[in-house]
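Per-entry structural report
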Amino acid sequence: MATALNEHIVTSYEDELINLNKAISEMGGMVEQAITDAANALLKLDHKAAQDVRQYDKRIDGMKDRITEMAVSIIARRQPIAVDLRMVVTAIQVANDLERTGDMAKQLAKRTVQIESLALAPKFYNGVKHMTDLVARQLKAALDAYASRDAAKAVDVCAHDDEVDAMHTSLFRELLTYMMEDPRNISQCIHLLFCTKSLERVGDHATNIAEAAYYLETGRQLGQDETQRQQL
Amino acid sequence: MDTLTGNTRVTQSPDVTSTPVELSKRTTRLTARDVTVHYGSKQALHGISIDIPDRAVTSFIGPSGCGKSTFLRCINRMNDTIEGAKVGGTIKLDGEDIYDPSLDVVELRARIGMVFQKPNPFPKSIYDNVAYGPRIHGLARSRAEMDEIVHSSLRKAGLWQEVKDRLAEPGTGLSGGQQQRLCIARAIAVSPEVILMDEPCSALDPIATAIIEELIDELRENYTIVIVTHSMQQAARVSQKTAFFHLGNLVEEGNTSDIFTNPRNKQTQDYITGRIG
């Protein structure tokens, strides 16, 4: 867990960094909601809810622009260094990953609108539900690790990404079976294939956010540290 | 300075982001071990040990009264001139103890030059300001040789183009930034190995500062430079190694890029990021 930072002598600078962190938390909440809503819309085949998710994405994009502007302004006027610099740079990275995650929610929603009926075995939808829960948990844990500057938690998130990948591979195989069983399933299965792919990408963005959290707290890149650990 | 566009060039050589390996490969020019300074009964430095790398810029940062200038002045024995100052420990230049009683201090100060906070040209001509050092050290045997030293020093200090037609005019008539470069030319004229700079840009505007920083970056190819600065950004820009002083102690030293992205010590972090320590 991170040691508490002392306050800046210049309070307006301190306030700007606090506001930047608040904006990241807010955007994180928005994106978590979008992913959950999109997955629910898919599983209930609720076209109206899916349209709402697509609309909501514009607000997520706007939030990313706001965070980028805040960060650039801090760099230009305050010349942040050390932990402050890492805070500002990772804020830009995390906002970018969150915006991409929002796009994945939008993709899910777009596919949902194109699916006419859910005609596969219930076991498959349970699998999608399970994968959604898993990536939502990963995303939440990554955002928590970032907000609390918790390097151990960030490492933990990265370690769990394999599970998401395994889920994705398993659902991919299942969809392939349905398509081979009955060609009438192909159209629906292709849409669902893209949906699972989107969910897998959300897992990757969660990993990126966790890596940013690790860098924010330690000043080192997680990838390099892992490689060194393996070499020891 | 680009005369057409008026833009100042501040080149960033690739070395600025030198990795720890690269910096540690450099040979050490100056070695300080357990250096203490007392002004009367007050102890100003508590055992400073640091290696200053050759042909690189080392910056000393820290709050006022932290001892960074005191330590800088130890390096060319300027503290000898302060009554009641007592220096302990050892400082070696190329393995040679600079506090050795048999050492000629005047000769030492030619090897270790100094540039001060406020430009302090002599009330003499531009030419004589630069020629003064070589003259007292007998470095030129003829007028032609002296001309050569003066011209090349002014060139190295990046001042030649601006003053070549008015070498006989008083140095005090130049602008602040030009005066500071004149002082650097004066320091270079005696072919020093080390140049110490005590806040050389604090009295200059940003453009004059950028020109001096560009000059420092060029000079480090041939000289070992130690700079004391209150501007953290300046230390980050010009130096390869940074040392943070606090209350007469050396708190942390390391590669500049490490100190400014990921300092190990909390005191260093609080200071460089402007936090309440």
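Now for a description of the structure that goes with this document. Numbering of residues begins from 1 in every chain and follows the order in which that chain's sequence is written. The order in which chains are written sets their letters, starting at A; the order in which ligands are written sets their numbers, starting at 1. Predicted model: local features are reported for residues with pLDDT of at least 70 only, side-chain atom pairs are reported and counted for 80 or more only, and whole-chain, interface and lining totals are derived from all residues. Working from all heavy atoms in the structure, the side-chain values ignore hydrogens and water.

Residue and element names in this part refer to chain B. A pair of strands is treated as paired once DSSP finds two or more bridges between them. Numbered from the N terminus, helices here are DSSP runs of H or I no shorter than four residues, and strands are runs of E no shorter than two. Ordered by their spatial adjacency, 4 strands build an open sheet running β2-β1-β4-β5, and the pairing between neighbours is antiparallel. For this open sheet the edge positions go to β2 (42-53) and β5 (96-97), each flanked by a neighbour on one side alone. Two strands pair when backbone bridges link them, and strand β4 (residues 85-93) and β5 are joined in this way by 2 bridges, in the antiparallel orientation. Residue pairing in the sheet places Leu93 in a bridge with Glu96 of β5. With respect to the sheet, helix α2 (residues 68-75) is in contact with β1 (28-39), β2 and β4, its orientation differing from that of β1 by roughly 120°. We call two residues in contact when some of their heavy atoms are within 4.5 Å. Here, axes are lines fitted to C-alpha atoms. For helices the fit covers the stretch in contact, and angles between N-to-C directions go from 0 to 180 degrees.

To continue, consider the sheet that holds strand β6 (residues 112-115) of chain B. Residues and elements named next belong to chain B. Across the sheet, which stays open at both edges, the 6 strands sit in the order β6-β7-β8-β3-β9-β10 with mixed pairing between neighbours. Because the sheet does not close on itself, it has two edges, and the strands there are β6 and β10 (249-255). Along the sheet, successive strands turn relative to each other by an average axial angle of 20°, direction set aside. By the bridge criterion, 5 bridges tie strand β7 (residues 194-198) to strand β8 (residues 224-228) in an arrangement that is parallel. By the bridge assignment, Leu196 is partnered in β8 with Val226. On the sheet, α2 packs against β3 (57-61), β6, β7, β8 and β9 (241-246) and is oriented at approximately 150° with respect to β7.

This next bit is on the nonpolar core. Here the nonpolar core consists of buried residues drawn from Ala, Val, Leu, Ile, Met, Phe, Trp, Tyr and Cys, with membership extended through side-chain atoms lying within 4.5 Å. Each residue is assigned to one of three classes by its accessible area relative to the maximum for its type, calculated with a 1.4 Å probe on protein chains only: buried under 20%, partly exposed between the two thresholds, exposed over 50%. Ranked by internal contacts, the top residues of the largest apolar core, which has 70 residues, are A:Phe124 and A:Leu175. Put simply, the parts of the chain that give this core at least two residues each are α1 (11-44), α2 (47-78), α3 (82-114), α4 (122-147), α5 (151-159), α6 (161-181) and α7 (186-218) of chain A. The residues touching A:Phe124, leaving out its near neighbours within four places in the chain, are A:Leu171, A:Glu174, A:Leu175, A:Tyr178 and A:Leu192. Membership of the second largest hydrophobic core comes to 35 residues, among which are B:Ile126, B:Val163, B:Leu204 and B:Ala208.

What follows is about empty space enclosed by the protein. Residues and elements named next belong to chain B. Here a cavity denotes grid points, spaced 1 Å and computed from the protein atoms alone, that fit a 1.4 Å probe unable to get out, and a pocket denotes an open set having protein on both sides within 12 Å along at least 5 of 7 lines; residues with an atom within 4 Å of a point are the lining. Grid points are joined across faces, edges and corners, and a volume is the space filled by probe spheres set on the points. By the definition in use, this model includes 2 cavities of 30 Å³ or more. In this model, the second largest cavity occupies a volume close to 30 Å³. If you go around the second largest cavity, the residues you meet are Leu30, Thr31, Ala32, Ile50, Ile52, Phe71, Ile75 and Ile91. Of all the secondary structure elements, the ones that give two or more residues to the lining of the second largest cavity are β1, β2 and α2. Per-element tally for the lining of the second largest cavity: the top contributor is β1, with 3 residues.

Residues and elements named next belong to chain A. In a regular helix each residue adds 1.5 Å, so 32 residues correspond to 46 Å; α2 covers 47 Å between its end C-alpha atoms and thus fits that length. Listed in full, the buried residues belonging to α2 are Ala50, Val53, Asp57, Ile60, Met63, Ile67, Met70, Ala71 and Ile74. Among the structural elements, α1 and α3 are those in contact with the buried residues of α2. In the analysis that follows, any N or O atom pair within 3.5 Å is treated as a polar contact, provided that within protein one partner can donate a hydrogen and the other can accept it, and provided that, for residues neighboring in sequence, both atoms belong to side chains. At the N-terminal end of α2, a side-chain oxygen is found 3.2 Å from the backbone nitrogen of Lys48, two or three residues along, and the residue is Asp46. Directly after α2, the chain includes Gln79, whose backbone phi takes a positive value near 45°. Expected helix span is taken as 1.5 Å per residue step, with the number of steps being one fewer than the number of residues.

Distances and angles like these do not, on their own, reveal function.
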